[in-house]
Amino acid sequence: MEDMSRQKSEQSKDVLCSPMPEEPPANFIHVRLEEYEPAGFSTKELILKKAREVCTCSHQTIITFFCRLFPVLDWLPRYNIKTQLLGDVISGLLVGIVAIPQSISYSLLANQDPIYGIYTNFFCNIIYVVMATSRHNSVGSFGVLCLMIGQSVSRHLQLAGYSDDSAGSSLVGNSTSSSNGTSGCDRSCYAITVALSLSFLVGLYQILLGVLQLGFVAVYLSEPLLSGFVTGSSLTIITSQMKYLLGLKIPRHEGVGSFILTWVDLFRYIQNTNICDLVTSLVALAIIVPVKEINDRYKEKMKAPFPIELLVVIVATVISYYFNFEERYKSDVCGDIPTGFRKPTLPDINLFSSLAVDAVPIAVIGFAMTVSLAEIFGKKHGYAVRANQEMIAIGMCNLIPSFFYCFASSAALTKTLLKESTGTQTQVSGLVTSVVLLLVLLWIAPLFYSLQTSILGVVTIVNLRGGLRKFSDTPRMWQLSKLDTVVWWTTMLCSTLITTEIGLLVGVCFALLCVIFRTQRPRATLLGKVSSTEIYEDQSTYRQLSSIANIKIFRFESSLYYANKDYFKTVLYQKTGVNPVLLAAKHQKVEAQANADTGNRKSFFSTRFVCLKQAKKRSVKPPEDACPPSVDTHTLILDCGAMQFIDTVGLSVLKETRHDYKEIGVQVLLANCNPSLRHRLREGGWAGEADSGGQLAFHSIHDAVRFAEWWYHVHQEESKDKDALQDAEDLNGSSL
């Protein structure tokens with residue numbers, strides 16, 4: 001092993017190393033910077049300061065507090081009717097028209113009656129107008145959240161003993177349990193009871209996150225993770241809607257493997273397909289998909305997208321009514337949709353314990369989608385968005401409507417894109433959308449009695465095209481980052497094949513493990529110098545770089561901590577071709593053998609000491625196995641520019657590395673250390689133990705190289721003086 005490293009070092013010396021300059025290097029001048037005195041930090045003073053800010057009560061403080069809690073008080077007085085009202089009205093009308101069929105279809109996905117989807121979109125838009133900092137977000141029912149709500153509702157319906165029939169069915173058996181709140185409550189009533197209790201908990205979680213200033217939690221949901229989760233959830237949603245497109249009555253599967261079990265049932269009962277529903281679904285798909293594609297392709301040229309979904313819903317409702325699809329072909333329809341509002345109700349406290357865990361992923365996905373969309377459009381249009389306030393806003397959109405028969409909501413991507421593309425200026429457009437939904441609630445809703453559920457399934461599936469298009473982005477993602485692609489596929493597959501909740505958890509854990517893996521086995525390289533410059537770059541990446549004679553420059557592209565300490569040493573020895581531990585052991589072995597030989601000579605040839613000493617002076621090169629292994633390097637420079645921090649283990653590794661290389665005559669220098677790193681080194685005793693004149697670390701690689709050359713030149717001169725003095729002493733001793 002050492003022979004190979006020796007050959008490698010000799011080759012690198014012959015090929016890459018530039019010869020040492022004949023002229024001695026100029027005296028090295030170290031740059032020393034004076035640091036500011038660290039500001040004193042007291043936890044007690046910080047807490048008292050924050051408490052004073054919160055408890056201070058004045059007229060201006062109260063106004064500021066309410067303006068931050070209700071941003072509408074800040075922007076509404078400055079609202080310009082002439083320049084902003086027209087865009088808001090047009091955008092609000094178009095979003096409201098699109099929201100009508102989506103509200104009804106997503107209610108089916110959430111296992112609720114259609115009226116509750118309209119309630120949800122109506123109330124949350126009003127609340128979001130008052131509390132949001134985003135001007136472009138459109139909140140309401142969101143497909144992924146509706147899927148997760150529907151799964152939780154179905155699970156509780158089964159636990160309560162309800163059959164998996166259509167809404168309005170009674171309990172299996174004649175008795176109900178009063179402990180779960182189902183006494184005198186049919187299936188539809190219990191379903192919305194579970195949903196509004198879940199919405200209350202989701203809103204409570206989100207408000208607590210916002211109040212506690214925990215908006216940074218959203219950063220742990222990376223874009224590949226969210227994209228994979230949305231795509232996996234889209235596949236699950238499409239699977240759940242297939243039974244409506246085919247007109248099949250199959251049980252709704254929940255839990256692990258529900259995706260596969262649903263497809264098994266679809267093929268098992270395929271012979272029971274309702275031809276009327278199938279034909280209606282195919283015709284609706286053939287009409288909606290091309291028009292939606294045209295809207296997407298020519299969206300910049302069109303003033304507003306064509307509302308094809310609403311048109312198809314209206315036409316399908318009229319045809320179903322006049323041809324009596326419900327009785328003639330046994331097609332499932334929406335049925336009675338009541339008008340007006342129901343009296344407010346309280347969430348069922350008895351359900352909180354069983355819904356507490358289900359609410360966590362819904363709350364996380366809800367605020368992550370809301371905050372990310374708000375920040376995207378805030379940057380695009382040049383205004384600031386407060387993430388914590390957005391979490392409070394969406395939390396209130398879930399908490400307050402839970403008293404008015406609503407389920408959980410969040411910002412919806414398709415409606416937000418439509419809102420932004422149609423010229424919205426402020427959240428006044430959300431009020432216009434609520435007015436459109438109010439008309440539906442008061443007068444129009446009963447007209448959708450004959451609307452087939454297969455049409456609602458088509459509307460839901462068509463709106464998931466964006467999630468399915470992510471598959472075409474994976475080849476490009478693979479070229480940019482293989483780890484991000486693996487995160488995407490892992491999250492997508494787990495969300496599809498296991499459950500959405502477990503898929504999200506697996507995705508988060510796997511993404512964090514990928515971050516740890518990147519820092520545990522980072523890139524490590526040797527650097528070479530660009531000719532006639534002070535720039536040093538990776539020798540394995542760039543050509544025409546020259547190595548510095550007898551100096552190795554090593555870059556470790558990560559922080560040094562306990563998880564990568566072993567890898568740091570391994571890759572350092574591999575790249576430099578020098579393992580100081582093995583070389584030091586060989587040195588000791590050779591010295592021990594030499595001492596043993598010297599002792600034997602002294603015992604047998606003590607009388608001829610002078611002659612042997614003179615013969616040693618004239619002797620030729622000793623045998624190779626009697627010579628200690630040599631190293632063609634006198635300095636190792638560690639480029640710490642990529643190290644953000646080092647922990648105590650990393651500091652120990654650096655000190656061990658310096659000690660090990662010192663044993664074989666190689667000094668170790670640090671370069672490009674940031675101030676916090678230099679502080680840790682100073683506190684850890686690096687400067688006090690260093691042999692480089694008390695050097696702590698160098699501010700650049702070139703600074704360290706110049707010092708190493710100067711240091712080597714000085715030691716060479718000292719070595720020559722010592723040799724000359726030793727020769728003189730030997731000569732005097734021989735003459736005596």
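None of these values were measured; they are calculated from a predicted model.

The rules we used
Residues numbered from 1 in each chain as written. Predicted model: local features only at pLDDT ≥ 70, side-chain atom pairs only at ≥ 80, totals over all residues. Heavy atoms only, no water. Helix = DSSP H or I, 4+ residues; strand = E, 2+ residues; numbered from the N terminus. Buried < 20%, exposed > 50% of the residue type's maximum accessible area, 1.4 Å probe, protein only. Contact = heavy atoms within 4.5 Å. Core = buried A, V, L, I, M, F, W, Y, C linked by side-chain atoms within 4.5 Å. Patch = residues over 30% accessible without salt bridge, like charges linked within 9 Å, V, L, I, M, F, W, Y side chains within 5 Å. Areas by Shrake-Rupley, 256 points an atom, 1.4 Å probe, with all protein chains shown as cover. Salt bridge = Lys/Arg side-chain N within 4 Å of Asp/Glu carboxyl O. Expected span 1.5 Å × (residues − 1). Polar contact = N/O pair within 3.5 Å; in protein donor to acceptor, adjacent residues only side chain to side chain. Pairing = 2+ DSSP bridges. pLDDT = per-residue confidence, 0-100.

Asks: I'd love a proper account of the overall build of the chain, names of residues and values included.
Replies: The secondary structure content of the chain amounts to 29 helices and eight strands. In the chain, which comprises 736 residues, the proportion classed as buried is 48%. Put simply, of all contacts in the chain between residues at least 6 apart along the chain, 81% involve residues at least 24 apart.

Asks: Pulling in residues and values, what's your account of the nonpolar core?
Replies: Within soluble globular proteins, side chains that are nonpolar generally end up buried alongside one another. Counting residues in each nonpolar core, the largest one holds 113 residues, and the members touching the most others are Tyr119, Ile149, Tyr190, Ile362 and Leu451. Grouped together as the second largest cluster of nonpolar side chains are 31 residues, Ala584, Ile664, Val668 and Cys673 included.

Asks: Lay out the environment of Leu85 with the relevant residues and their values.
Replies: Here Leu85 shows up in helix 5 (residues 81-109). According to the relative accessible area criterion, Leu85 is partly exposed, its value standing at 33%. Separated by 344 residues in sequence, Leu85 and Ser429 have C-alpha atoms that sit 8.5 Å apart. Setting aside its immediate chain neighbours within four residues, Leu85 contacts Tyr79 and Asn80.

Asks: Outline a nonpolar patch on the surface, supporting the account with residue identities and numerical values.
Replies: Where nonpolar side chains cluster on the molecular surface, the patch consists of Phe306, Leu311, Ile314, Val315, Val318, Ile319, Tyr321, Tyr322 and Phe323 and spans about 890 Å² of accessible area. Topologically, Ile314 is positioned in helix 12 (residues 308-322).

Asks: Please provide a residue-by-residue account of helix 21 (residues 482-497), values included.
Replies: Helical geometry: 3.6 residues make up each α-helical turn, so side chains three or four residues apart lie on a common side. Across its 16 residues, helix 21 extends 22 Å between first and last C-alpha, which sits within 8% of the 22 Å expected from 1.5 Å per residue. The set of residues buried in helix 21 consists of Thr485, Val487, Trp488, Thr490, Thr491, Met492, Cys494, Ser495 and Thr496. On the buried face of helix 21, the contacting elements are helix 9 (223-246), helix 10 (258-268), helix 20 (474-480) and helix 22 (500-520). Backbone nitrogen of Asp484 and a side-chain oxygen of the N-cap are separated by 3.3 Å at the start of helix 21; the cap is Ser481.

Asks: Give a description of the environment of Arg135 that names residues and reports values.
Replies: Locating Arg135 in the fold gives a position in the loop between helix 6 (114-131) and strand 1 (139-140). Along the primary structure Arg135 and Gly378 are separated by 243 residues, whereas in three dimensions their C-alpha atoms are 7.8 Å apart. When residues no more than four places from it in sequence are discounted, the contact partners of Arg135 are Tyr383, Lys419, Thr424, Gln425, Thr426 and Gln427.

Asks: Residues and numbers for the pairing of strand 6 (residues 551-556), please.
Replies: Consecutive side chains along a regular strand alternate between the two faces of the sheet. In terms of burial, strand 6 is largely enclosed, as six of its six residues are buried. Burial of strand 6 is two-sided: the residues Ile551, Ile553 and Arg555 facing one way and the residues Lys552, Phe554 and Phe556 facing the other way are all buried. Of the strand pairs in this sheet, strand 3 (residues 524-530) and strand 6 are connected by three bridges, and their pairing is antiparallel. From the neighbouring strand, Ala524 faces strand 6, where its bridge partner is Phe556. Pairing geometry for strand 6 and strand 7 (residues 635-639), over five bridges, is parallel. From the neighbouring strand, Arg555 faces strand 7, where its bridge partner is Asp639.

Asks: Outline unusual backbone geometry, supporting the account with residue identities and numerical values.
Replies: Positive phi values are uncommon outside glycine, yet Asn111 reaches one of about 65 degrees. Along the polypeptide, Asn111 turns up in the loop between helix 5 and helix 6. Residue Asn111 is classed as buried on the basis of its relative accessible area of 15%. The phi torsion at Asn672 lies on the positive side, around 60 degrees, for a residue other than glycine. You can see Asn672 is positioned in the loop between strand 8 (667-671) and helix 27 (675-683).

Asks: So what's going on with the confidence of the model for the chain? Residues and values would help.
Replies: The share of residues in the chain with pLDDT of 70 or more is 84%, and the mean pLDDT across the chain is 82. Mean pLDDT per element in the chain: helix 25 (residues 609-618) is the minimum at 40, and helix 6 is the maximum at 94. Low confidence marks residues 1-24, where pLDDT is under 50. Its contacts with residues over four positions away, or in another chain, come to 27 contacts. Overall, residues 165-182 carries pLDDT values under 50, and its contacts beyond four positions in sequence, including any with other chains, amount to 35 contacts.

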